[in-house]
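# Coordinate inspection notes
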Amino acid sequence: MTTSTNPFKMTISRFGEDGIRVLFGNDIDLSVHEKVRNFYFYMKSLDLPEVIDYTPSFRSCLIHFNTERTNFARLSSLIEEKEEEALRPGNTPESTLQEIPVHYGGPEALDMKNVCEQTGLSERDVIAIHSDIIYTVYTVGFTPGFPYLGTLDQRIQVPRLETPRTKIAAGSVGIAQGQTGVYPFPSPAGWRIIGHTDVRFFNYEKEPYSLLRIGDKVKFISI
Amino acid sequence: MIEILNKGMMTCVVDSGRYGYAAIGVPPSAALDKFAYNVLNCLLNQDENAPALEIIGAGFSIKFHQDMICAITGARVRASLDERSLSPWASFAAEAGSILTVHEVTEGFRYYLGFTGKLSLPRVIGCYATNLECSFGGYQGRSLKGGDQIEINDIYSVPLGIVPDKEIPEMKSPHFLRITDGPEHSFFTEKSQKTFADRESRTEYTVSVNSNRTGIRLTGDQLSFCDGVKESIISEGILPGTIQIPGDGLPIIMLYERTIGGYARIARVVRADLDRLAHLIPEDQVIFGRIEMDEAERLWEERRARLKSFL
């Protein structure tokens, strides 16, 4: 894991009447991610009644607040006051490592051929490269339980589809630029699909609902 | 029990929204016209999170198998209970065996129907709202169709009420939506920012047929990105009313079904105008107006005061 210090100063800005965006960096980077993660878990542990929701992502944490209980100025100064404590490592829960069996290729891998053509690699190489890395969950969203995983090996980085598909199957494993992820639901999809998994990434009937949360690790296993 | 005879264009169970789980990507899936939904619950003396039906389109019809009191708010509709015609934004008594039919939607798009009783539906992740895309919540995770039946328990009575006509919000095109700047508003050329939402030079947008409960797509003047600006951003959190501009330069207004977006967030629709988004119909005209945060806050206080007058 990268331990380099990131010179970026935490920046607070407003996002509409009831939103605060707390920015920790400008790039997809593990040290920025660690700050977001520490901040999110620390803030959440405070159980603030004035906060409705947190959306931590690659480089920021968006806070949705209740305007009847606080205001932008008050919540901002609370965040500034807590910055040092919030960013201190050690507040965060252990990350889990999930091994995800994937059927690469075949009829469900809608874009495998295209990815091979674009990268000049064989299907076997694409599979070997994709399943070689232990990925980090940078954020969960788009649809419930969808993990944005990074970072994809340069050799298999391809752009998103120009025209996203309106619906793909649940369990589809996709790649786009430096990211990879799994679609937990039949949903629209702009990433290129190279495989399929039967693992359930979201179960609305059972807490904690999502298989993964920010900071967890994923290793794909080719089956 | 109530029985759906005709679902209209689309009917689903909604409530005030599923909050607290954005970090695992769970969106609110809330009632889109929160004001109409809140007034509905006031008319029925219901909990502020009670499940209600959100309906689009004429033809909707249900049969009551028990006596209860109901109310309709939201889009103005021409409706009848058996032979008796009903007033918009009012409660009415329905007897067992009677049939409610909506003949026409005369202004607005989505209307809300609620009941004085407890709908026998499970809470999923703490809520009754339907997540249609992921098939959970509401009624078996799906929109309602003819033949569906919902048990209603603990039926109570309330005095009938009606919202004075002048208190019913305007819902017809053109829709004037006020906005505040989003994190990426400076990604767009000054000229584009002006034609987007400046009083002097703004243009009208048209609601696209490709709109749905996730987002409202608009057609019209394409916004231009400044030179050297990346068209897609590193995916980040969004809130209801966020206006995203994808590479084609045409705005998408996000509703209550996404927690994260990957396109430049030029603006957010002010909270006081979010209810109006429920009533944007394909082909309607939309005009944006950029305002300052303090004015947006004042407008929200006004809306709160209006709602309080019903309590």
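All values reported here derive from a predicted model rather than from experimental measurement. Sequence positions are assigned chain by chain, starting from 1 and proceeding in written order. Here the convention is simple: chains get letters from A, ligands get numbers from 1, in the order in which they are written. Local features are withheld for residues below a pLDDT of 70 in this predicted model, meaning they are given only at 70 or higher, and side-chain atom pairs are given and counted only at 80 or more; totals for whole chains, interfaces and linings count all residues.

### Focus: the domain arrangement of chain B
All names here are of chain B. Domain parsing of chain B yields domain 1 (2-167) and domain 2 (175-308). Each partner contributes to the interface: domain 1 provides 20 residues, whereas domain 2 provides 15 residues. For the side of domain 1 that touches domain 2, the elements supplying multiple residues, two or more each, are helix H1 (34-43), strand S5 (68-81) and strand S8 (99-115). The way it works is that DSSP assigns letters per residue, a run of H or I at least four long becomes a helix, a run of E at least two long becomes a strand, and they are numbered from the N terminus. Broken down by element, the residue count for the side of domain 1 that touches domain 2 peaks at 4 residues, all from H1. Residues that form the side of domain 1 that touches domain 2 fall into these classes: 10 nonpolar, 6 polar and 4 charged. Boundary definitions for the domains trace back to an automatic or database domain assignment. In this description, any two residues whose backbone-derived C-beta atoms lie within 7 Å of each other are considered to be in contact. Note on residue classes: Ala, Val, Leu, Ile, Met, Phe, Trp, Tyr, Cys and Pro are nonpolar, Asp, Glu, Lys and Arg are charged, and everything else, Gly too, is polar.

### Description of the nonpolar core
Of all hydrophobic cores here, the largest spans 148 residues; its most connected members are Ile-194 of chain A together with Leu-40, Ala-52, Tyr-112 and Leu-277 of chain B. Those residues in contact with Ala-52 of chain B that sit more than four places away from it in its chain are Val-14, Ala-31, Tyr-37, Leu-40, Tyr-112, Leu-113 and Gly-114 of chain B. To define a nonpolar core, we join buried Ala, Val, Leu, Ile, Met, Phe, Trp, Tyr and Cys residues through C-beta atoms within 7 Å and take the resulting set. A residue is called partly exposed when the number of other C-beta atoms within 10 Å of its own lies between 12 and 20, exposed at 12 or fewer, and buried at 20 or more, with C-beta atoms placed from the backbone.

### Here we look at the sheet that holds strand S4 (residues 60-65) of chain A
Paired through backbone hydrogen bonds, the strands of a sheet run either parallel or antiparallel to each other. Residue and element names in this part refer to chain A. Within the open sheet, the 4 strands sit side by side as S1-S2-S4-S3. Their pairing is antiparallel. Whereas interior strands pair on both sides, the edge strands pair on one side only; in this sheet they are strand S1 (11-14) and strand S3 (51-56). For this sheet, the mean angle separating the axes of adjacent strands, direction not counted, is 20 degrees. Two strands form a pair only when DSSP identifies at least two bridges running between them. Every axis corresponds to a line fitted to the C-alpha atoms, with the helix fit spanning only the stretch in contact, and the corresponding angles, defined between N-to-C directions, vary from 0 to 180 degrees.

### What about the pairing of strand S4 (residues 61-64) of chain B?
Residues and elements named next belong to chain B. Burial along S4 is one-sided: Ile-62 and Phe-64 are buried, while Ser-61 and Lys-63, pointing the other way, are not. Direction of pairing for strand S1 (residues 2-6) relative to S4: antiparallel, over a ladder of 4 bridges. Following the sheet pairing, Glu-3 is matched in S4 by Lys-63.

### Looking at the interface of chain A and chain B
The partner chain B presents 31 residues to the 37 residues of chain A that form the contact. Going through the elements one at a time, S1, strand S2 (19-23), S3, S4 and strand S6 (135-140) of chain A are the ones with two or more residues in the side of chain A that touches chain B. Tallying contributions element by element places S3 of chain A first for the side of chain A that touches chain B, with 5 residues. Classifying every residue of the side of chain A that touches chain B by side-chain character gives 17 nonpolar, 13 polar and 7 charged.

### With respect to helix H2 (residues 72-87) of chain A
Count 3.6 residues to each turn of an α-helix, and residues three or four apart come out pointing the same way. A helix is expected to span 1.5 Å for every residue after the first. Taking 1.5 Å of rise per residue, 16 residues should cover 22 Å, and H2 of chain A covers 21 Å from first to last C-alpha, within 8% of that figure. Most pronounced at Glu-81 of chain A, the bend in H2 of chain A amounts to some 45 degrees. Think of it this way: the bend at a residue is just the angle between two axes, each fitted to seven residues, one set ending at that residue and the other starting at it.

### Some points on the domain arrangement of chain A
Residue and element names in this part refer to chain A. Domains assigned within chain A are domain 1 (11-87) and domain 2 (97-222). One C-alpha centre belongs to domain 1, the other to domain 2, and the line joining them spans 28 Å. Opposite the 9 residues of domain 1 that make contact, domain 2 presents 9 residues. Sorting the residues of the side of domain 1 that touches domain 2 by element identifies helix H1 (30-46) and S3 as the ones contributing at least two each. Looking at the side of domain 1 that touches domain 2, the element that brings in the most residues is H1, giving 4 residues. In terms of residue class, the side of domain 1 that touches domain 2 is built from 5 nonpolar, 3 polar and 1 charged.

### Details of the packing of H1 of chain A against H2 of chain A
Residues and elements named next belong to chain A. Where H1 contacts H2, the axes come no closer than 9 Å and their chain directions differ by 110 degrees. With respect to each other, H1 and H2 are oriented roughly perpendicular. Crossing handedness for the pair H1 and H2: right-handed. Side by side, H1 and H2 meet where Lys-35, Asn-38, Phe-39, Tyr-42 and Met-43 of the first sit next to Glu-85, Ala-86 and Leu-87 of the second. For the contact of H1 with H2, a count of residues per class yields 5 nonpolar, 1 polar and 2 charged. Convention used here: angles under 35 degrees read as roughly parallel, angles over 145 as roughly antiparallel, angles from 65 to 115 as roughly perpendicular, and any remaining angle as oblique. Take the far helix as your reference; a near helix turned counterclockwise from it by less than a right angle gives a left-handed crossing, and one turned clockwise gives a right-handed crossing.

### A few points about unusual backbone geometry
In the segment running from Gly-150 of chain A into Thr-151 of chain A, the intervening peptide bond is cis, with an omega of -5 degrees. Here Ser-173 of chain B and Pro-174 of chain B are connected by a cis peptide whose omega angle stands at 0 degrees. When you line up the elements, Pro-174 of chain B lands in the loop between strand S11 (152-153) and strand S12 (175-181). Of note in the backbone geometry, Tyr-209 of chain A takes a positive phi value of approximately 70 degrees without being a glycine. Despite not being glycine, Asn-45 of chain B has its phi angle at roughly 55 degrees, a positive value. Structurally, Asn-45 of chain B can be placed in the loop between H1 and strand S3 (52-56).

### Focus: helix H2 (residues 190-197) of chain B
Buried residues of H2 of chain B: Ser-192, Gln-193, Thr-195, Phe-196 and Ala-197 of chain B, and no others. Of the surrounding secondary structure, the elements contacted by the buried residues of H2 of chain B are S12, strand S18 (260-269) and strand S19 (285-290) of chain B.

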